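# Structural characterization, general
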Amino acid sequence: MIELFYFHFFRNAFIISLILGILFGILSFFVVMRKMTFLGAGIAHTAFGGVALGVLLGIDPFLTALAFCIGAAILIGKLVKYGKISYDMSIGIFFSFSMALGAIFLALKRGYAFDLMSYLFGNILGVTFADTLIAVCVLAVFMLFVLIFMQRILFMTLDEEVAAVSGVNVNLLDTILLVFLAAIVVTSIKIVGIILVSALVVLPAGFGLLISKNYRTVIAAGILFAVTVMIGGLFLSYLMDTPTGATVVSAGTALYFLSLIASKRLKPDR
Amino acid sequence: MDEVISLQNVWVKYDGAVVLEDVSLTLRNKEIVSIVGPNGSGKSTLLKTIMGLKQPWRGTVEVMGLPPRKVPGGTIGYLPQRSSLDYTMPVSVFDVVAMARYAGARVLERLTADDRMRIDRALESVEMSDHRLRHFGSLSEGQKQRVLIARALALQPRILLLDEPSTGLDAVAQDNFYQMIRALRDAKDLSILMVSHDIGAVSRIVDRLACLKNKIHFHGKPADCFSNESLSGVFGKNVYYVTHDKNCDGCEDE
């Protein structure tokens, strides 16, 4: 197995998997607790429109997907307030609109052989050193944000109105959280894929909440879960010759269900 | 400053409909005032307007002589209706109270020794120190209310706003809770504005009562309210007020 590390693409994929494990382990807690899981799925699917726009314009699809996802994350919230509609409805509208735009952009780029499957389900062969550098930067900025604002996010998650009255800038923190959600989702697209990334937004916190009722332990368990699943899935996909994203998500789902059953057996009253 | 909250001819609209109509109300220093009225009478909207979460369409609102949005964070301690809280959050009693100390403008979220002392005192004042490490969601309804009061107190506020604080509490827990509120007012020099639909329970501890059904129908001493026709204007004709007898705890001071 060690010989895999002689390959540049595998070394990059290993590093980015480790970083994404940490990122999703922490992000998942906030997203699940703030009941934004469908938003995570919506933003991930929005990335398809961004990737296709990059292909059409000949720009790096990472940049256009990032711009698309951040734009969608902000516009989804604006539409809720402007149209006085539910978050579910707003996400549903942007979700399908962006997928539709993606299909149109790709159709306009006639004669271009686009590897759609790699973007939808991930492909570690596409991971470059530049991608790992971007992941390191996202991790550094996100960790700084969490260190500074962790308690304030917890406060607004438990009790948004009181947090606002007590001096927490709820709208600003929510927007920053959405921007990070978009950035982390886009960073993971190459390895996990647009369709599957939403599982990583949900499963780590789901696992952590089975383990503990202390948020610090929930986050730590979420990181451990996400890192294990990302790295384990990477090796499994090599051994089984299966798509990496699909293997990571399947391994994560299996681990979650096993943990759920074990937790029910050990603590039947939960 | 004698008046800590002042509303002058305040009108508030919600989705185009007038919810508060020409409301004028004051809360004086170290006073307990309760706003009573049926569901949908605009009580919670009134609190949100005072906190600056809702803008009045007409009229002026001042808190400590300032417009609500200019009031420094921590001046107001707020106890929301419990239905708005997420009890599945994996946080302890200590974590919940500590949140108040993190909410200020400090960049790094580190609890100082002073913060810890204030959190401990807030928990002590509501008799919840022994439960500090328990999961917040696992507490009884009365204990949760006490913890949320402790969180508000940890801000060291001048004013407490309580929205339906006795909902879900049984008669004994309700009575204990109101006695605690009065004791806190005396011990910490707080001014307290409390919203309730239970006129009987709050009338024994408040200094003044305001009956609200979109507009103020009565504003004065609780005893005057019951001899005033405004009660039927707010709650309807078929309402009977049941008072506590002389043997109940605290009734002898009335």
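Residues numbered from 1 in each chain as written. Chains lettered and ligands numbered in written order. Predicted model: local features only at pLDDT ≥ 70, side-chain atom pairs only at ≥ 80, totals over all residues.

### Some thoughts on the overall build of chain A
Here is the rule: Here a strand is any run of E in DSSP of at least two residues, a helix any run of H or I of at least four, and the numbering for each starts at the N terminus. The size measure is the radius of gyration over C-alpha atoms, and the globule rule it meets is 2.2 Å times the number of residues to the 0.38 power. Put simply, a residue is buried when 20 or more other C-beta atoms lie within 10 Å of its own C-beta and exposed when 12 or fewer do; between those, it is partly exposed, and each C-beta is set from the backbone. Note on contacts: each residue gets a C-beta atom placed from the backbone, and two residues are in contact if those atoms are within 7 Å.
Per the secondary structure count, chain A includes eleven helices and zero strands. Sequence-ordered secondary structure for chain A, helices as α and strands as β, is α-α-α-α-α-α-α-α-α-α-α. The C-alpha atoms of chain A give 19 Å as radius of gyration, which agrees with the globular expectation for 270 residues (18 Å, within 12%). Counting only C-alpha atoms, chain A reaches 55 × 50 × 30 Å along its principal axes. Classification of the 270 residues of chain A by burial places 49% in the buried group. The contacts in chain A between residues at least 6 apart in sequence include a share of 71% that link residues at least 24 apart.

### Description of unusual backbone geometry
Residue and element names in this part refer to chain B. Phi is positive for Lys-30, close to 60 degrees, though the residue is something other than glycine. In this fold, Lys-30 is placed in the loop between strand E2 (17–28) and strand E3 (32–36). Since 16 C-beta atoms lie within 10 Å of it, Lys-30 is described here as partly exposed. We note that Glu-127 has phi near 60 degrees; this positive angle belongs to a residue other than glycine. Looking at the secondary structure, you find Glu-127 in the loop between helix H3 (113–125) and helix H4 (141–154).

### Focus on the sheet that holds strand E6 (residues 159–163) of chain B
Residue and element names in this part refer to chain B. Going by this rule: Pairs of strands are assigned from DSSP output, requiring at least two bridges between the strands. In this analysis, axes come from line fits to C-alpha atoms, helices being fitted only over the stretch in contact, and the angle between any two N-to-C directions falls in the range 0 to 180 degrees.
Spatially, E5-E6-E7-E3-E8-E9 is the arrangement adopted by the six strands of the open sheet, whose pairing is mixed. Each having just a single partner strand, strand E5 (76–79) and strand E9 (215–220) make up the two edges of the open sheet. The sheet shows a mean angle of 15 degrees between the axes of neighbouring strands, direction not considered. Bridge count between E6 and strand E7 (residues 191–196): five bridges; the pairing is parallel. Residue pairing for E7: Leu-161 is matched across the bridge by Leu-193. Of the strands in this sheet, E3, E5, E6, E7 and strand E8 (208–213) touch helix H1 (residues 43–51), which is tilted by about 150 degrees from E6.

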